[in-house]
Amino acid sequence: MAQRHSTPIRGLMATKHSPLFQGRFGRLFRSLPPAKFGATEADNLKNLSALGAKMSAGFDPPTDGKDPEESGIPALYTYLGQFVDHDITFDPASSLQMQDDPDALTDFRTPAFDLDNIYGRGPDDQPYMYDGANAFLLGTPLTGGASDATDLPRNAADPARALIGDPRNDENTIVSQLQGLFHRFHNRTLKENSTLSFEQIQRLVRFHYQWVLLYDFLPRIVNADVLQDLKNGKGLYEKDKLKFFHWKNEPFMPVEFSVACYRLGHSMIRPGYRLNNEIGNLLPIFMTPDAAKLGLKDDLQGFRALSGDRGNRAIDWGRFIDIDTRVYDGSDAENKNRLQFAYRIDTSVVNPLANLPAAVAANPSSLAQRNLERAWRLGLPTGQHVAHAMGIRPMADKDIQIGKGVDKQDPKDLPVSIDTVSPVFKNNCPLWTYILAEAMYYQEKVKIPVEGHFTITTPQLGPVGGRIVAEVFLGLMFGDNHSLLILEPTWQPEKTPYTLKDFVNYALGK
């Protein structure tokens, strides 16, 4: 253990090393200058606020039925992406009010796909999460959706807090129930493999999770040509193919990834989701004044028990992932039961994210503005500088379009080139905005898993954003001696192809 600025507390060296306090943030492109968007701090904030406002869509209520902003990616992948973020990053100490040094930030989460947000410190150190047989404890039963659905286990406080490995996995109703699926997946794996140790069960669960990330999640969000460049002749990912993500002793968490490129998921969020057939369960992600005017009474915010009036919020998973086949666009009744899709990766985020509740975020309340400010305060370079450093010709300003990446544009809401938002953005685009704009030019026609034959235009991360995201995913696995790519690189699930829907079905007992 390196000693910095002080001597370790007496006896500390004899304790077990906590997996929750290791890792460090750093940079992929250390030589690039930090982006600036004005001569003074006030100028920077003013210009970033203007861009954030332009990247925020107008009010659009949650609805059933076909939606022009949908991609070909089922909605659950949005929240798998959020779950992954909670698995590999946690920085409670950074601030929007100060200039942060990435080299001084600690990642209070192992930078590895090890499910420590599920397992915590294990049954020996956190026994209140498990029963006596190393199975996860489940919460109170829920109704309205999947059979045997339960809330997360909770304490007796008011509001009741979830007893889980990472409290952030209770921050909305969807990710909390996804956490519950991981509990059920573990419990079924444990029941069906009674001769295996707890550590062997963990490895088996992690391998299935990592397989889904490598061979299902990444191909949905990253352009296929980008991923192909990271594989060898046998179609296997290869560490030597990593050009930009390198580390000396163990992997770090690159801020270009965590603060910019991996925030692609914010553009994939819908204004709201229908959880099941119960009345009142088409809900906005956050309550806003506009939503209240429509008579909506509640939202999908978490950190509270699913009981009482919210006890009927069990998710019907067929609305979020293709565990069965449903009508794409039919009658009102059929549309209420349809598979919902993530919004397209583009330079537009839905309106509730422009008006975050005070309980979620202080000033500024706009998520887009918060993302832009945070990246600026951390000294991230521009998208153009990163592209140059990667040997890629940067996009022209006219091609960095701010707005919705739909097939047929509304004449009243046309995207605009970034330099029209402010001259300061001419050849000077924030990295987060750049990788979203890039995705709008790397689109695939995706056949969606519904009744009939339908394809949807689906933007994917391109050669800058996609390469950074893919290299960090692969690098974290290649840097983890317990990962699938290191322990058993040719391992595969018993059933292949194996995707997120198979993981969900197994957790549901199917």
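To keep things clear, this report deals only with the structure shown in the data block. Since this is a predicted model, take the numbers as computed values, not measurements. (Residues numbered from 1 in each chain as written. Predicted model: local features only at pLDDT ≥ 70, side-chain atom pairs only at ≥ 80, totals over all residues. Heavy atoms only, no water.)

### Comments concerning the environment of Pro352
Okay, step 1: Here Pro352 shows up in the loop between strand 6 (341-343) and helix 10 (367-377).
Okay, step 2: Owing to a relative accessible area of 4%, Pro352 belongs among the buried residues under this scheme.
Okay, step 3: With residues up to four places along the chain from it excluded, the contact list for Pro352 reads Pro271, Ile285, Phe286 and Thr288. (Helix = DSSP H or I, 4+ residues; strand = E, 2+ residues; numbered from the N terminus. Buried < 20%, exposed > 50% of the residue type's maximum accessible area, 1.4 Å probe, protein only. Contact = heavy atoms within 4.5 Å.)

### Some remarks on empty space enclosed by the protein
Okay, step 1: Within the structure shown, the criterion is met by eight cavities of 30 Å³ or more.
Okay, step 2: If you add up the space inside the largest cavity, you get close to 100 Å³.
Okay, step 3: For the largest cavity, the full set of lining residues is Leu138, Leu142, Ala146, Ala149, Thr150, Gln177, Gly180, Leu181, Arg184, Ile315 and Trp317.
Okay, step 4: Residue classes in the lining of the largest cavity are distributed as seven nonpolar, three polar and one charged. (1 Å grid on protein atoms, 1.4 Å probe; cavity = no way out; pocket = protein on both sides within 12 Å on 5 of 7 lines; lining within 4 Å. Points joined across faces, edges and corners; volume = space filled by probe spheres on them. Nonpolar A, V, L, I, M, F, W, Y, C, P; charged D, E, K, R; others polar.)

### Things to note about the nonpolar core
Note on soluble globular proteins: their nonpolar side chains tend to be buried together.
Okay, step 1: Among the nonpolar cores identified, the biggest contains 133 residues, and Trp317, Ile468 and Phe473 are the most heavily contacted of them.
Okay, step 2: Here the element with the most residues in this core is helix 5 (residues 198-221); it accounts for twelve residues.
Okay, step 3: Every residue in contact with Trp317, bar those within four places of it in the chain, is listed here: Leu76, Ala146, Ile174, Gln177, Leu178, Leu181, Ile323, Val504 and Leu508.
Okay, step 4: Within the second largest apolar cluster, six residues are counted, among which are Tyr328, Phe341, Ile448 and Val450. (Core = buried A, V, L, I, M, F, W, Y, C linked by side-chain atoms within 4.5 Å.)

### Here's the deal with the pattern of salt bridges
Okay, step 1: Inspection of the entire model under this criterion finds 23 salt bridges.
Okay, step 2: The partner of Asp166 in a salt bridge is Arg168, and the shortest N-O contact between them spans 2.7 Å. Each member of the pair, Asp166 as well as Arg168, carries the same accessibility label: buried. (Salt bridge = Lys/Arg side-chain N within 4 Å of Asp/Glu carboxyl O.)

### Quick notes on helix 12 (residues 431-439)
Owing to its 3.6 residues per turn, the α-helix aligns residues three or four sequence positions apart on the same side.
Okay, step 1: With nine of its nine residues buried, helix 12 lies for the most part within the structure.
Okay, step 2: Turning to helix 12, its buried residues number three or more, namely Leu431, Trp432, Thr433, Tyr434, Ile435, Leu436, Ala437, Glu438 and Ala439.

### Overview of the packing of helix 4 (residues 173-192) against helix 15 (residues 500-507)
Okay, step 1: The geometry of helix 4 relative to helix 15 is characterised by a closest axis approach of 8 Å and an angle of 65 degrees between their N-to-C directions. When the axis of helix 4 is compared with that of helix 15, the two are roughly perpendicular. As helix 4 runs across helix 15, the sense of the crossing is left-handed. Contacts between helix 4 and helix 15 involve Leu181, Phe182, Arg184, Phe185, Arg188, Thr189 and Glu192 on the former and, on the latter, Phe503, Val504, Asn505, Tyr506 and Ala507.
Okay, step 2: Across the contact of helix 4 with helix 15, the residue classes tally to seven nonpolar, two polar and three charged. (Axes fitted to C-alpha atoms, helices over the stretch in contact; angles between N-to-C directions. Parallel < 35°, antiparallel > 145°, perpendicular 65-115°, else oblique. Left-handed = near helix turned anticlockwise from the far one by under 90°.)

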